[in-house]
Amino acid sequence: MDKNIKRLNGQRITDEELSDRLAVLDRIVVKHTRFNELHEAIRECHVLQSKSLNKKGLCILGDTGAGKSTLFKTYESFHPRETRVKKINNQTVTFPKVPVLRVELDSNSKPLNVASKMLEELGDPFHYKGTEKQLTTRLKGFIEDCEVELIIIDELQHLIDTDTQRVIRKAADWLKQLVNDVNLPIVFGGIKDDASRIFSSNKQLDERFPYKPSFPGFKYETEKEKKEFCTFLNSIEFKLPFPDNSELADPYLSEKLYYASLGIPRTLNHLLYHSTKIALKDGMDRIEERHLQEGFDQLSFETRPRVKNPFHGKVFDLRVAIASEKLTKSTK
Ligand SMILES: Nc1ncnc2c1ncn2[C@@H]1O[C@H](COP(=O)(O)OP(=O)(O)O)[C@@H](O)[C@H]1O
Ligand SMILES: [Mg+2]
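Remember, predicted model here, so these are calculated numbers, not experimental data.

Conventions used here
Residues numbered from 1 in each chain as written. Chains lettered and ligands numbered in written order. Predicted model: local features only at pLDDT ≥ 70, side-chain atom pairs only at ≥ 80, totals over all residues. Heavy atoms only, no water. Helix = DSSP H or I, 4+ residues; strand = E, 2+ residues; numbered from the N terminus. Buried < 20%, exposed > 50% of the residue type's maximum accessible area, 1.4 Å probe, protein only. Contact = heavy atoms within 4.5 Å. Areas by Shrake-Rupley, 256 points an atom, 1.4 Å probe, with all protein chains shown as cover. Pairing = 2+ DSSP bridges. Axes fitted to C-alpha atoms, helices over the stretch in contact; angles between N-to-C directions. Salt bridge = Lys/Arg side-chain N within 4 Å of Asp/Glu carboxyl O.

Enquirer: Got a sec to walk through the overall build of the protein? Specific residues and values, please.
Expert: Each helix and strand in the protein was counted, giving 13 helices and seven strands. Projected onto its principal axes, the C-alpha positions of the protein cover 70 × 50 × 35 Å. Per-residue burial over the protein gives 45% buried out of 332 residues. Taking all contacts inside the protein whose residues are at least 6 apart in sequence as the whole, residues at least 24 apart take part in 69%. With an accessible surface of roughly 17,900 Å², the protein has 49% of that area assigned to carbon and sulfur atoms.

Printed below as a string of structure tokens:
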């Protein structure tokens, strides 16, 4: 593999070089099969409905860390903003053309916060001023002026972090009204069970989103699933800031990497980030299993208290490891 990356050959790495190489880990985006399928679903939602009277939305629900936000950011980056100059009352004003308006909701968002966040994204200097009604009215005006074509609302579950039915119903009503009024294609993203509750409280909203594809993490049971995960590992390997191959996709390591991450790209990224740092500080030109072992120990596994470090230099059986983790859990 020739990636034209300077060899360290055991030499000490400078802090600058180290931070440059670690920054690569934040930028790795692999266009894997599910990523491409969902990217195409968003594209179709965006471009194929311009002549439809009642626009349908798309709701992508998935595991946390599977890659929803990465997908949305990638789609947005393909449709960059432009600056437009308009004459209003003989005055020249500039404002952005925003083909894709993407917002990520903060925890405990209310409709007022959503409207405010969208206005902020569209450059409204007074996005924090006004009642829910005023902000929503202003938002509709901004959406038109900025020639928005597609709206992406990510982390939808934060609109219903609370459990009260009244709040959920109110949020669903507000969304339904917004969807009807702007009549643009809208893409929602969120965590599966949490975000889908919003649709059960409003039938009309639900009908506007007939397609709710899922975006799960990788699986590792069938040959096809194994191949997909290994292809993903291979693509990441190719982008890692090392000149030599770490053989991550080799069955010996791929099974261990699957166990460590359970197929969730975010966990895998964290593991590789720590392991890369350790290997580079060691002056190495590839990741070795001992770096993964140390990197693994730096992760926090709040939801997997009985997880065991699989990077012990010995052959590993994924089935046995998963079963024994479950077994210890159920006999707790
Ligand atoms: N397609 C991908 N290629 C490489 N890494 C990815 C990809 N998708 C996600 N990741 C990694 O997982 C992390 C979490 O992804 P994110 O999109 O925030 O997940 P979600 O929004 O589904 O919770 C990203 O920061 C990135 O490190
Ligand atoms: Mg996200």
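Enquirer: Now, about the sheet that holds strand 7 (residues 214-215): what can you tell me, with residues and values included?
Expert: What the five strands build is an open sheet, ordered 4-5-6-1-7; its pairing is parallel. The outermost strands of the open sheet, each flanked by one partner alone, are strand 4 (100-104) and strand 7. Of the pairings in the sheet, the one linking strand 5 (residues 150-154) to strand 6 (residues 186-191) comprises three bridges and is parallel in character. Along strand 6, the bridge assignment pairs Ile153 with Phe188. On top of the sheet, helix 7 (residues 192-200) reaches strand 1 (58-62), strand 6 and strand 7; it is set at about 135° to strand 6, its chief contact.

Enquirer: Requested: an account of the pattern of salt bridges, with residues and values cited.
Expert: Per the stated rule, a full pass over the model turns up 25 salt bridges. The residue Asp181 makes a salt bridge to Lys140 at a minimum N-O spacing of 2.7 Å. Residue Asp181 is found in helix 6 (residues 165-182), and its partner Lys140 is found in helix 5 (residues 132-145); the two are separated by 41 residues along the sequence. On the basis of relative accessible area, Asp181 is assigned to the partly exposed category, the value being 37%. The residue Lys212 makes a salt bridge to Asp206 at a minimum N-O spacing of 2.7 Å.

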